[in-house]
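# Geometric and topological summary
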Amino acid sequence: MLDFFTIFSKGGIVLWCFQGTGVTESFTGPVNALIRSVILQERSGNNSYSHDALSLKYKLDNEFELVFVVGFQKILTLTYVDKFIDDVQLHFRDRYKNELEQKGALALLNSHFAFEDDFKMLLREAEESSKARGPTSMRSFNASLKSQKTVKSMIETKGGDKGKEQGGKKNKNAKKEGKATGMAPTSAQKTEENGNQGLTQEEIIQKKREEFIRKRMGAPVEKPSKSPKPVKEKPKGKEKRVWTLGGSSTKELDYSQSNGNGAHAAGDQGLDAQADPGDLLAVDYESSEGEEEEEEEEDAGAFGGMFGMLKGLVGSKSLSQEDMEPVLDKMRDHLIAKNVAAEIASQLCDSVAKKLEGKVMGTFTTVASTVKGALQDSLVQILQPKRRVDILRDVLEARSQRRPFVITFCGVNGVGKSTNLAKISFWLIENGFTVLIAACDTFRAGAVEQLRTHQRRLNSLHPPQDHGGRPIVQLYEKGYGKDAAGIAMEAIAYARNQAFDVVLVDTAGRMQDNTPLMTALAKLIAVNMPDLVLFVGEALVGNEAVDQLVKFNQALADHSMSDKPRLIDGIVLTKFDTIDDKVGAAISMTYITGQPIVFVGTGQTYNDLRSLNARAVVGALMKA
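Procedures and definitions
- Residues numbered from 1 in each chain as written.
- Predicted model: local features only at pLDDT ≥ 70, side-chain atom pairs only at ≥ 80, totals over all residues.
- Heavy atoms only, no water.
- UniProt positions renumbered as here; feature names shortened; annotations may be inferred.
- Salt bridge = Lys/Arg side-chain N within 4 Å of Asp/Glu carboxyl O.
- Helix = DSSP H or I, 4+ residues; strand = E, 2+ residues; numbered from the N terminus.
- Buried < 20%, exposed > 50% of the residue type's maximum accessible area, 1.4 Å probe, protein only.
- Core = buried A, V, L, I, M, F, W, Y, C linked by side-chain atoms within 4.5 Å.
- Contact = heavy atoms within 4.5 Å.
- Phe/Tyr/Trp six-rings, centres within 6.5 Å; stacked < 30°, edge-to-face > 60°.
- Pairing = 2+ DSSP bridges.
- Axes fitted to C-alpha atoms, helices over the stretch in contact; angles between N-to-C directions.

- Per an unreviewed UniProt entry, the protein chain goes by SRP receptor subunit alpha and derives from Oncorhynchus kisutch.
- The Sequence similarities (unreviewed entry) comment attached to the protein chain in UniProt states, word for word, "Belongs to the GTP-binding SRP family."
- In its Subcellular location (unreviewed entry) section, the UniProt record describing the protein chain reads: "Endoplasmic reticulum membrane".

Written out as structure tokens, the structure reads:
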């Protein structure tokens with residue numbers, strides 16, 4: 001029934017494996033795909049994974065750094081797999097621990113680990129238990145409670161107790177009937193008069209007697225205690241602002257006699273770095289170490305005293321789901337507040353919980369700091385691409401093959417496709433490449449005129465006389481209402497004949513639910529086969545980013561004519577200067593596609609183009 005079962009360490013060493021009878025294909029391909037796509041990409045919240053015709057289930061043992069993987073055919077419904085993999089983990093880790101203590105790590109790796117007999121016994125027990133359970137048969141009518149009801153039990157007798165047999169409903173007229181029959185309340189009945197709720201009649205009489213005696217004797221009557229009013233804090237006065245870069249005198253601001261070690265030197269270095277061809281500045285944020293220290297102090301003080309602080313520490317104890325749940329709930333809410341899609345935030349927290357569950361903590365290590373550190377590492381891992389998109393290297397390689405390098409831009413309406421296309425054109429021109437812009441947005445009024453304006457301005461920055469009388473940027477357009485795929489094909493052929501280095505294809509903005517326009521985009525990409533398909537998205541979106549990327553990729557896959565359709569290869573994140581520290585859209589987009597963020601737009605000028613600094617973005621994301 002099972003195709004394979006393998007146990008390996010997180011370092012990649014296979015400790016033990018089993019292959020089913022009649023299975024000839026190696027299991028290294030599916031397992032390597034699981035490691036690349038799930039474990040290394042921090043997507044281990046769900047313990048199942050599909051690869052071709054196989055369905056894989058896995059379990060992480062964080063205490064001993066082990067991974068258990070079982071594979072079987074998708075068409076089979078094996079209900080015992082989850083319990084079986086848990087049983088194998090418990091048996092194997094006990095044997096592994098004993099062998100490790102007796103032989104040592106090196107001797108254990110060199111020797112054969114005998115686990116086949118135990119594995120077959122556990123597999124036999126799991127299969128027998130699943131057969132013994134079997135499908136439950138439907139209960140007959142005679143065995144049900146409904147068959148025991150009779151007509152007599154449903155008839156109400158006069159003067160009898162109506163009860164709660166018919167669905168437990170109370171009789172609404174019971175109170176009126178009680179008054180009509182003249183039934184007087186006994187001394188044991190409860191009353192709710194004069195605020196004496198829950199007291200019997202005798203207790204109320206006794207209480208009134210005590211109050212009468214106190215009044216006659218002159219003793220003060222006890223009044224119910226009221227909760228003390230909160231003390232209003234006086235509002236603080238306006239504090240004097242201290243400018244970090246300011247000085248107490250004008251002499252401190254005079255850098256005319258500086259030897260180059262002051263702020264001017266730092267600024268010159270930044271300008272020099274920006275002027276280097278081929279280098280894009282990375283997005284950066286101010287350090288928030290001071291704020292993080294204040295947060296830790298507040299969290300430590302919130303437990304209340306020394307006892308609370310020691311209670312929050314976990315020493316030499318394995319982490320459980322209950323320990324991490326309060327911290328993960330706060331982290332999930334924090335990520336959602338920073339614009340991470342709610343579904344992505346939940347999956348990230350589940351992945352961190354799987355990663356840390358069972359891990360043994362060191363002494364004087366708080367659960368909050370451990371979870372926060374693991375979440376930061378996961379976010380950095382997500383933002384760091386599994387493949388690097390080096391456009392300059394790829395353009396040089398295409399030039400050596402005497403063909404243009406083609407980049408297609410797609411996205412929804414109003415995200416800044418044409419503007420960021422012009423920024424990327426400027427960056428390519430600065431690196432010495434010639435650019436042809438294909439105006440394939442034949443739908444929006446003014447789209448061709450916008451690109452013509454960018455072309456004119458870029459050529460004014462790099463006049464043709466400086467490049468042998470040839471314009472370094474040209475626009476290929478055929479007007480409005482034409483077929484975008486045909487215009488792109490003609491532009492690529494023109495660029496090949498005129499020896500252009502790069503072709504940038506501008507497409508019309510379209511919503512992900514517009515089926516005709518999504519079909520036209522899939523046709524443009526399938527016909528022209530560009531080297532790079534970039535999705536342009538706003539940094540302002542939250543949950544919408546997930547819907548946009550999923551449906552764009554789905555449309556490209558559905559309307560493609562090949563077995564391996566071209567999907568989105570990278571992301572251009574625009575309007576990054578408008579969101580302060582709410583940078584969650586970068587996490588959502590990268591997590592959904594698994595593709596890197598190639599460019600980040602940070603302003604309205606041609607110079608406002610940056611590369612993504614993963615650690616800086618994660619620092620801003622985790623900042624309170």
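Once you've had a look at it, read on.
### Description of the pattern of salt bridges
- Under the definition given, this model contains 21 salt bridges.
- Among the salt bridges present, the one from Arg93 reaches Glu63, with a minimum N-O distance of 2.5 Å. Highlighted residues: Arg93 in helix 2 (residues 81-103) and Glu63 in the loop between strand 4 (54-61) and strand 5 (66-73), separated in sequence by 30 residues.
- Classification of Arg93 by relative accessible area gives buried; the value is 18%.
- Ionic pairing is found between Asp329 and Arg332, a salt bridge with its closest N-O pair at 2.9 Å. With Asp329 and Arg332 both in helix 11 (residues 321-337), this residue pair falls three residues apart, about one helical turn.
- Among the residues examined, Arg332 registers a relative accessible area of 18% and is labelled buried.
- Here the salt bridges do not stand alone but share partners, grouping Asp61, Glu63 and Arg93 into one network.

### Remarks on the nonpolar core
- If you look at the biggest cluster of nonpolar residues, it comprises 113 residues, and the most contacted ones within it are Leu379, Ile391, Ile407, Leu428, Phe576 and Phe599.
- With eight residues, helix 13 (residues 367-383) is the largest single contributor of residues to this core.
- Beyond its immediate stretch of four places on either side in the chain, Leu428 contacts Ile391, Leu392, Phe433, Val435, Val502 and Leu504.
- Leu2, Phe64, Tyr96 and Leu122 belong to the second largest nonpolar core, which has 25 residues in total.

### Concerning the packing of aromatic side chains
- Applying the stated rule across the entire model yields 16 aromatic pairs.
- The interplanar angle of 85 degrees and the centroid separation of 5.4 Å between the aromatic rings of Trp16 and Phe115 together place this pair among those described as edge-to-face. Here Trp16, found in strand 2 (residues 14-19), pairs with Phe115, found in the loop between helix 3 (105-110) and helix 4 (116-133); they are 99 residues apart in sequence, far enough to count as distant.
- Trp16 gets classed as buried once you look at its relative accessible area, which sits at 6%.

### Here we look at the sheet that holds strand 10 (residues 473-476)
- Strand order in the open sheet made by the eight strands is 10-9-11-8-12-13-14-15, with mixed pairing throughout. The sheet is open, and its two borders are formed by strand 10 and strand 15 (609-610), each paired with just one other strand.
- Helix-sheet contacts for helix 16 (residues 447-461) involve strand 9 (435-439), strand 10 and strand 11 (502-506), and the interaxial angle to strand 10 is about 165 degrees.

### Brief notes about the sheet that holds strand 5
- With antiparallel pairing, five strands are arranged side by side in an open sheet as 2-1-5-4-3. Edge positions in the open sheet fall to strand 2 and strand 3 (48-51), since each of these has one partner strand only. Going from strand to strand, the sheet's axes swing by 20 degrees on average, the running direction of each strand aside.
- The sheet contacts of helix 2 involve strand 1 (4-9), strand 2, strand 4 and strand 5, and relative to strand 4 the element is tilted by about 40 degrees.

### Observations concerning the pairing of strand 12 (residues 532-538)
- Burial within strand 12 is extensive, with seven of its seven residues counted as buried.
- Neither face of strand 12 is left uncovered, since the one carrying Leu532, Leu534, Val536 and Glu538 and the one carrying Val533, Phe535 and Gly537 both have all their residues buried.
- Where strand 8 (residues 405-410) lies against strand 12, four bridges are found, and the strand directions are parallel. Within the sheet, the bridge partner assigned to Cys410 lies in strand 12 and is Phe535.
- As defined by bridge partners, strand 12 adjoins strand 13 (residues 570-574) across five bridges and the pair is classed as parallel.

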